[in-house]
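Topology and contacts: notes
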Amino acid sequence: MAQSVRILMCAPQHYDVDYVINPWMEGNIHRSSRDRAQEQWQQLYEILKHHATVELVEPQLGWPDMVFTANAGLVLGDTVVLSRFFHPERQGEEPYFEQWFADQGYTVQKLPKSLPFEGAGDALLDRTGELLWAGYGFRTELDAHPYLAQWLDVEVLSLRLIDRRFYHLDTCFCPLTDGYLLYYPAAFDTYSNHLIERRIPAEKRIPVDEVDAVNFACNAVNVNRTIVLNQASDPLKTALSARGFAVIETPLTEFLKAGGAAKCLTLRVTEPRQISPQATAIQHRVVRFEGHLLDSGLVNRALDTIVAGGGSFQVLNFTLGEQRQDISTAEVKVSAPDITIIEDILGQLVDLGAVVKSDDTADAHLAAVAQNGVAPDDFYVTAIYPTEISINGQWIAVQGQRMDAAIAVTQTARGLEARCKLLRDLQMGESVVIGSAGIRTKRHDTSLKQRSTEEFSFMGAGVSSERRVELVVEQIAWDLRRIRDQGGKAVVTAGPVVIHTGGSEHLQTLIRGGYIHGLLGGNAIAVHDIEQALMGTSLGMDMQRGVSVHGGHRHHLKAINTIRRCGSIAQAVEQGVLPSGVMYECVKNNVPFSLAGSIRDDGPLPDTQMDLLQAQADYARLIEGADLILMLSTMLHSIGVGNMTPAGVKMVCVDINPAVVTKLSDRGSLESIGVVTDVGLFLSLLVDQLTKLTGEYARAN
Ligand code: ARG
């Protein structure tokens, strides 16, 4: 009997399911049998006594989970890092465990009060003794991991738990003798799985399936070649014995009702140290927020972003503005298990308006473009918000703001210039902003003045009621008129549905009225519009009677052919061949348009730009300086436009399909409005409303 291993247990006299702090406890309050628990615990105790020396800590009345000694702390050598329980329900166990360790002569390390860490439940030494796997996500805070590294002088690898059922690392992860690992991969995020795969060779990994996982097969006590656990499937037992392990099953069903099994009921208090001092990869940065942080929900969003991205945070300070118009400031320390994860999180926080404080200088970091059309690896990807970067201590505004670009910095005669550039436009020798330091984005103040427009951006509501459609139409009519009268710019992206739904006449009215200053679409809208103008059908349907016309399916090709003969849409208008329609009105009213081609285009029309890079450039030129963009039933062209459009431009997306509306309007900027309705109906309401407002034209047509 190898008695060099010492294990701490706590008898279940006072064990019960008294409260719910994990999903296993739900529905099990006072449902476990004390007698059966006693019996099961005793059996485990007898088995373990054959393999180790079992020490006991006195159970305490009122602390029913104290049986789970794995959560007492984490021992390495003669040091113990005491647990700081996440839930108040268990915090009262701390002094009893502390006393036990002190009595045994351990050096007791205690974490700061508000830094949760749940001992060996969330920290498991690799059995080769070389590193410590530490879990976070539910009970233990990532920021506790560096303390473990420091106090225990060990390399810590942080693993993020993502399945509530496996809230402690030891419920789904069990390092075994000889470097084997028994684990349930689905309990971890992708990054953690990569980390495990990088550090443990495939032949040493023993993944279990969900059935074994929920039977707590990974919650096993391993002493040398013996594994003691609640229950394992035959294939798992075979896999383990093939690797030289003897599996002992002992039922622990009463403890499963509290979310624990064999491993949870034990704590190894002899952990020899054979470890060379190591560092951890954990990264920290401090970010600063300023603005109407509470009103706008920004802080919540930022903290959620950090956690969802696999990091953790500590709010260092928060100064709350006292009056409604006062701004608040907050400094938050962000931690993440490694450099790529932290950079990813910081990039998102910058988009939310955070400023990342770097240690050395406050300036943005730059790197040279080494190959035309290719950015340095960790280049900063732009968002739609106005952005500034700090260079030599000066904030300079980035030109040509759009999303999904790099920021190129060039020296010009006027001084340093920063500009959003698409990857394909980057030139060798240019400098590009990398990382996330020294960058700030200005979000619109979403708290006060925009409250009024918020009523119109009812994406949260999903489908808009009729009254809401009316409200939006009133608002947009008002905007369109203001923009026209002030010499502003309103651009439309339109899909062929505009024509099929009878919206054509209304769109024509808007163009004639001087409300529209650019039209963006594809081959289809122009083809259907022209077909309707020439033949009265749209894709062969009679637009007056709503029935398909004999031979009508060829109409659109005839329309294309006619325009091709004329040379262009404008020439067709000039030659009197094209007498009406949306495209006709564009030509007549000098409204520039751009038709972007696609793989499915028939024809195409001579005006359709089949060089997509050129089409993107044309679109970008036409929306430059726009105040409002009306997106009418075209997901493809609208997304293309959305990608080029900076924040501050009002975007109104109309589509009968709520999913399209959500996709397009959900840019996180309040200027976007989604309207779920028939686009023909929408346009007719809009024209009616403008008529009411201006008395300009009696009911169109
Ligand atoms: N009811 C206990 C809790 O939720 C169970 C602890 C299980 N322990 C463990 N190391 N997984 O805290």
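Residues numbered from 1 in each chain as written. Predicted model: local features only at pLDDT ≥ 70, side-chain atom pairs only at ≥ 80, totals over all residues. Heavy atoms only, no water.

Right, let's talk about the nonpolar core for a bit. Ranked by internal contacts, the top residues of the largest apolar core, which has 102 residues, are Trp-133, Phe-173, Phe-188, Leu-349 and Ile-389. Beyond its immediate chain neighbours, meaning those up to four positions away, Leu-349 contacts Val-287, Phe-289, Ala-302, Thr-305, Ile-306, Val-334 and Ala-354. With 50 residues, the next largest nonpolar core counts Val-472, Ile-476, Ala-572 and Val-652 among its residues. (Core = buried A, V, L, I, M, F, W, Y, C linked by side-chain atoms within 4.5 Å. Buried < 20%, exposed > 50% of the residue type's maximum accessible area, 1.4 Å probe, protein only. Contact = heavy atoms within 4.5 Å.)

The next subject is the site of the ligand. Asn-22, Arg-90, Arg-139, Asp-170 and Cys-264 are the nearest of the 17 residues found near the ligand. Here a nitrogen atom of the ligand sits 2.9 Å away from a polar atom, N or O, in the side chain of Asn-71. Ala-258 has a polar backbone atom sitting 2.9 Å from a nitrogen atom of the ligand. With respect to the pocket detection grid, the ligand is positioned in the second largest cavity. (Near = heavy atom within 4 Å. Polar contact = N/O pair within 3.5 Å; in protein donor to acceptor, adjacent residues only side chain to side chain. 1 Å grid on protein atoms, 1.4 Å probe; cavity = no way out; pocket = protein on both sides within 12 Å on 5 of 7 lines; lining within 4 Å. Sits in = over half its atoms within 2 Å of the grid points.)

Before going further, it helps to examine the side chain of Thr-382. Within the secondary structure layout, Thr-382 lies in the loop between β20 (365-368) and β21 (387-391). Engagement of the side chain of Thr-382 in a polar contact is seen with the backbone nitrogen of Ala-405, the distance being 2.8 Å. (Helix = DSSP H or I, 4+ residues; strand = E, 2+ residues; numbered from the N terminus.)

Across a sheet, paired strands are connected by hydrogen bonds in the backbone, their directions being either parallel or antiparallel. Read across the sheet, 7 strands follow the order β32-β31-β28-β27-β33-β34-β35 without closing on themselves; strand pairing throughout is parallel. The open sheet is flanked by β32 (608-609) and β35 (672-676), the only strands paired with a single partner. With 5 bridges connecting them, strand β27 (residues 490-494) and strand β33 (residues 628-632) associate as parallel partners. For Thr-493, the partnering residue across the bridge sits in β33 and is Met-631. In the packing of helix α22 (residues 679-694) onto the sheet, contacts are made with β33, β34 (650-655) and β35, and the angle to β33 comes to roughly 140 degrees. (Pairing = 2+ DSSP bridges. Axes fitted to C-alpha atoms, helices over the stretch in contact; angles between N-to-C directions.)

Quick look at the confidence of the model for the chain now. Averaged over the chain, the pLDDT score is 89; the fraction of residues at 70 or greater is 93%. Scored below 50 in pLDDT, residues 446-463 makes 32 contacts in the model with residues more than four places away or belonging to other chains. (pLDDT = per-residue confidence, 0-100.)

This brings us to empty space enclosed by the protein. Taken as a whole, this structure holds 3 cavities of 30 Å³ or more when the rule is applied. The volume enclosed by the largest cavity comes to roughly 280 Å³. Surrounding the largest cavity, 21 residues form its lining, Leu-124, Arg-127, Lys-263, Arg-268 and Glu-271 being those nearest its centre. Broken down by secondary-structure element, the contributors of at least two residues to the lining of the largest cavity are β3 (73-76), β6 (123-125), β9 (173-176), β12 (221-223) and β15 (267-268). Residues that form the lining of the largest cavity fall into these classes: 14 nonpolar, 2 polar and 5 charged. In this model, the second largest cavity occupies a volume close to 60 Å³. Taken together, 13 residues make up the lining of the second largest cavity; nearest its centre are Asn-22, Phe-68, Arg-90, Tyr-167 and Ala-258. Within the lining of the second largest cavity, the residues separate by chemical class into 5 nonpolar, 5 polar and 3 charged. (Points joined across faces, edges and corners; volume = space filled by probe spheres on them. Nonpolar A, V, L, I, M, F, W, Y, C, P; charged D, E, K, R; others polar.)

The next thing to look at is the pattern of salt bridges. Applying the stated criterion across every chain yields a total of 31 salt bridges. Residues Arg-288 and Glu-290 are paired through a salt bridge, measuring 3.1 Å at the closest nitrogen-oxygen approach. Look at Arg-288 and you get partly exposed, because its relative accessible area is 31%. Measuring nitrogen to oxygen at the nearest pair gives 3.3 Å for the salt bridge that ties Arg-481 to Asp-485. Linking Arg-481 with Asp-485, this pair stays in helix α12 (residues 466-485), spanning 4 residues, or about one helical turn. (Salt bridge = Lys/Arg side-chain N within 4 Å of Asp/Glu carboxyl O.)

One can find Arg-34 in helix α1 (residues 34-49). In the structure, Arg-34 is positioned 220 residues away from Glu-254 in sequence and 8.2 Å away in space, judged by C-alpha atoms. Excluding residues that lie within four positions of it along the chain, Arg-34 makes contacts with Pro-12, Gln-13, His-14, Tyr-15 and Asp-16. Among the polar contacts listed, one links the side chain of Arg-34 to the backbone oxygen of Tyr-15, at a separation of 2.8 Å.

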